[in-house]
Amino acid sequence: MPVTTIDEELEWGLLHEATSRGGMRELARLVFERDPDTRRSLWRLALKRLDDRESPLRNFELLIDVAQAGIDDSMTLANQATDGDAAKSWADAANILSYNLSAALADCWPDDPGPRETHHFEIGLRAAEDCIRWRWELSKPPDRRGMAYWAAGMHHLSLGNLVESYGAFVTAEKLARGTTKGNHGAGVEPEGNFGVILYHGYAGIARWLMNEDEGRRDYERACRAFEHTGAADPERKEDAQFGLEQLRWVEKKFIVKK
């Protein structure tokens, strides 16, 4: 089912005004005046714009409320759908909102050092676990399932669940490689798969926090792979720099605290 095309600037202007006037209540009232297909696009738009680091409306409680309202709406429509394809499409809408919420709440973004509280990580973890379930049920490609495991791993890390965090990151790495089998570390080299390198580095941080020297070596191996990626390709270099900065931010934040 294709996503309804909307005029994002026009629609966000209306949503912004409603939210400024009456918070979540007014935003939801405006969205629910529209047809279901448009609502799908509006929930996604609202979550994206409210998660803008520069938005004066941005706060995590509002993000949680918006995402949950959109997820509930999508799953209600999934349960009411009269055919399997429509039900899957609405479940996918919930999956996308759930992942975006989990990522927004994750404490791993160098450009977003704002304080998060324990309940944000708990909500982010539940959103990631819902996302994992939906992505398996919807037969999403391995790399997409890997992203959901990464989100779960990040929230486990913030909650101090190191064994669970490490396991989620290792699973994400395997899925990024397109397999659920072994070969931990395969492909962690310059110009390698972005997800494989990133998740290997995260798994290294979790292992390092468990006082395993191999974890630090895994983390450093991932950083070196990113450092030497993209010499002849500016786009790959930019992606690698993004991954490198993320790993270094998380290492600094969590290893120093230890």
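Here, the structure is the one placed above.
Along each chain, the written sequence defines residue order, and numbers are assigned to residues from 1. Since the coordinates come from a predicted model, pLDDT governs what is reported: local features require at least 70, and pairs of side-chain atoms require 80 or more to be given and counted, while whole-chain, interface and lining totals use all residues. Values reported for side chains reflect all heavy atoms of the structure, with hydrogen atoms and water molecules removed beforehand.

1. Quick word on the overall build of the chain
Inference 1: Assigned secondary structure in the chain consists of 10 helices and 0 strands.
Inference 2: Helix numbering and strand numbering both begin at the N terminus, where a helix is a DSSP run of H or I of at least 4 residues and a strand a DSSP run of E of at least 2. Put simply, the chain runs from its N terminus to its C terminus through helices and strands in the order α-α-α-α-α-α-α-α-α-α.
Inference 3: The quantity called the radius of gyration is restricted to C-alpha atoms. Its globule counterpart is 2.2 Å times the number of residues to the power 0.38. Taking 2.2 N^0.38 as the reference for a compact globule, 258 residues should give roughly 18 Å; the C-alpha atoms of the chain span a radius of gyration of 19 Å, in line with that estimate.
Inference 4: Dimensions along the principal axes, computed over C-alpha positions, put the chain at roughly 55 × 40 × 40 Å.
Inference 5: Only protein chains enter the accessibility calculation, which uses a 1.4 Å probe; a residue is then buried when its area is under 20% of its type maximum, exposed when over 50%, and partly exposed in between. A burial count over the chain gives 51% of its 258 residues as buried.
Inference 6: In this analysis, two residues are considered to be in contact whenever any of their non-hydrogen atoms come within 4.5 Å of each other. For the chain, the share of sequence-separated contacts (at least 6 apart) that also reach a separation of at least 24 residues comes to 62%.
Inference 7: For accessible areas, the Shrake-Rupley method is used with a probe of radius 1.4 Å. Any residue's cover is judged against the shown protein chains and nothing else. Within the structure as shown, the chain displays about 12500 Å² of accessible surface, and the carbon and sulfur contribution to it stands at 49%.
Inference 8: The convention is simple: Lys and Arg are positive, Asp and Glu are negative, and His and the chain ends are not counted. Where a charge sits is defined by one atom per residue type, namely NZ (Lys), CZ (Arg), CG (Asp) or CD (Glu). Put simply, the chain has 34 plus and 44 minus side-chain charges, and the middle of one group is 4 Å from the middle of the other.

2. A few points about the side chain of Asp-92
Inference 1: Tracing the backbone through its elements, the reader meets Asp-92 in helix H4 (residues 84-105).
Inference 2: In protein, a polar contact requires one atom able to donate a hydrogen and another able to accept it; more generally it is a pair of N or O atoms within 3.5 Å, and residues adjacent in sequence count only if both atoms are side-chain atoms. At 3.1 Å, the side chain of Asp-92 forms a polar contact with the side chain of Lys-140.
Inference 3: The residues contacting Asp-92, other than those within four sequence positions of it, are Leu-138 and Lys-140.

3. Some points on the nonpolar core
Inference 1: What is meant by a nonpolar core is a set of buried Ala, Val, Leu, Ile, Met, Phe, Trp, Tyr and Cys residues, joined one to another through side-chain atoms within 4.5 Å. Counting residues in each nonpolar core, the largest one holds 43 residues, and the members touching the most others are Cys-108, Trp-150, Met-154, Leu-157, Tyr-202, Ile-205 and Leu-247.
Inference 2: Sorting the residues of this core by element identifies H4, helix H5 (118-137), helix H6 (142-159), helix H7 (162-176), helix H8 (194-209), helix H9 (213-227) and helix H10 (234-257) as the ones contributing at least two each.
Inference 3: In terms of residue count, H8 provides more of this core than any other element does, 10 residues in total.
Inference 4: Every residue in contact with Leu-157, bar those within four places of it in the chain, is listed here: Leu-162, Ser-165, Ile-205, Ala-206, Leu-209, Val-250 and Phe-254.

4. Overview of the side chain of Glu-173
Inference 1: Within the secondary structure layout, Glu-173 lies in helix H7.
Inference 2: Residue classification places Glu-173 among the buried positions, given a relative accessible area of 0%.
Inference 3: In terms of polar contacts, Glu-173 uses its side chain to reach the side chain of Arg-177, at 2.9 Å.

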